[in-house]
Amino acid sequence: MAAIRSKDTKPEMIVRRGLWKRGFRYRLNHRGLPGHPDLVLRKYRTCIFVNGCFWHGHHVTESQIDNGQLEIESSECCRVPHTNRAFWVAKIHRNKERDKVEQKQLAAMGWHCITVWECELKPARREETLESIAFTLNHIWLKDHGASDIPYRLHEEDSQMPMAAETRSE
């Protein structure tokens, strides 16, 4: 497992390039935040985690078996190895629990969290996923800065007030 990279992975680079191309600026692997998010966008108070499907148990269902052992069923993007299965099941379960705790801590600190899964960045879905992230970030910024979904309208009493650049005629 020493050969497994935690930074600059292919899925992370895809997200970074896609966001940079769309004009979003970010910091990498912020050590001061719980979970050391892959990307931190301070302007949007948002952390982005780019998770590998295997390591973080994407599309994995958990159920308790009669003997109390945790069973994880494989899916199309994540298969638990048959050798040393108990170790891998426990490891994936710990990773999922740690992810939940870290995201709750970030939410308590006022941060928004976005999780991007490796399977969502396959060529067939890549642009859709990146556009979805951009849309979500813009939506977060508008909500945090008091913009509403209703277009701005001048009320009658507001139309009597001069604009900032106009001089008041008395």
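First things first, this report covers the structure right here in the doc. (Residues numbered from 1 in each chain as written. Predicted model: local features only at pLDDT ≥ 70, side-chain atom pairs only at ≥ 80, totals over all residues. Heavy atoms only, no water.)

1. Points about the nonpolar core
Line of reasoning, step 1. Val 15, Leu 19, Ile 48, Ile 133 and Leu 137 are the most contacted members of the largest nonpolar core, which has 17 residues in total.
Line of reasoning, step 2. Where this core is concerned, the elements lending two or more residues are α1 (10-21), β2 (39-41), β3 (46-51), β6 (112-117) and α3 (126-144).
Line of reasoning, step 3. For this core, the leading source of residues is α3, giving 4 residues.
Line of reasoning, step 4. Apart from residues no more than four positions distant in its own chain, Leu 19 is found in contact with Phe 24, Tyr 26, Leu 39, Ile 48, Ile 133 and Leu 137.
Line of reasoning, step 5. Counting residues in each nonpolar core, the second largest holds 6 residues, with Leu 33, Val 40, Phe 49 and Leu 106 among its members. (Core = buried A, V, L, I, M, F, W, Y, C linked by side-chain atoms within 4.5 Å. Buried < 20%, exposed > 50% of the residue type's maximum accessible area, 1.4 Å probe, protein only. Helix = DSSP H or I, 4+ residues; strand = E, 2+ residues; numbered from the N terminus. Contact = heavy atoms within 4.5 Å.)

2. Quick look at the pattern of salt bridges
Line of reasoning, step 1. Tallied over the full model, the rule gives 5 salt bridges.
Line of reasoning, step 2. Put simply, Lys 100 and Glu 97 hold a salt bridge, and the shortest N to O gap is 3.6 Å. Of this pair, Lys 100 and Glu 97 both sit in helix α2 (residues 85-108), 3 residues apart, which is roughly one turn of that helix.
Line of reasoning, step 3. Taking relative accessible area as the criterion, Lys 100 reaches 47% and is therefore assigned partly exposed. (Salt bridge = Lys/Arg side-chain N within 4 Å of Asp/Glu carboxyl O.)

3. Description of the packing of aromatic side chains
Line of reasoning, step 1. Scanning the entire structure with this criterion turns up 4 aromatic pairs.
Line of reasoning, step 2. Pairing Phe 87 with Trp 88 gives two aromatic rings, centres 5.0 Å apart and planes at 75°, and the pair type is edge-to-face.
Line of reasoning, step 3. You can call Phe 87 partly exposed: its relative accessible area is 33%.
Line of reasoning, step 4. Among the aromatic residues, those joined into a cluster by ring pairs are Phe 54, Phe 87 and Trp 88. (Phe/Tyr/Trp six-rings, centres within 6.5 Å; stacked < 30°, edge-to-face > 60°.)

4. Topic: the pairing of β3
Line of reasoning, step 1. Within β3, 6 of the 6 residues are buried, which leaves it mostly tucked inside the rest of the structure.
Line of reasoning, step 2. Where burial is concerned, the two faces of β3 agree: the one with Thr 46, Ile 48 and Val 50 and the one with Cys 47, Phe 49 and Asn 51 are both buried.
Line of reasoning, step 3. Inspection of the sheet shows β2 paired to β3 by 3 bridges, in the antiparallel sense. Among the inter-strand pairings, Leu 41 is bridged to a residue of β3, identified as Thr 46.
Line of reasoning, step 4. Remark: 4 residues form the turn of the hairpin made by β2 and β3, two consecutive strands paired antiparallel; Arg 45 in that turn has positive phi of roughly 50°.
Line of reasoning, step 5. Looking at chain direction, β3 and β6 are connected through 6 bridges and run parallel. Paired with Val 50 across the two strands is Val 116, which belongs to β6. (Pairing = 2+ DSSP bridges.)

5. Section: α3
Line of reasoning, step 1. The end-to-end C-alpha separation of α3 is 27 Å, in line with the 27 Å expected for 19 residues at 1.5 Å each.
Line of reasoning, step 2. Restricting attention to buried positions, one finds in α3 the residues Thr 129, Leu 130, Ile 133, Ala 134, Leu 137 and Ile 140. The buried residues of α3 occupy one face: seen down the axis, they fall within an arc of 135°. Exposed and facing more than 90 degrees away from the buried side of α3 are Glu 128 and Phe 135. (Expected span 1.5 Å × (residues − 1). Arc of directions from axis to C-beta.)

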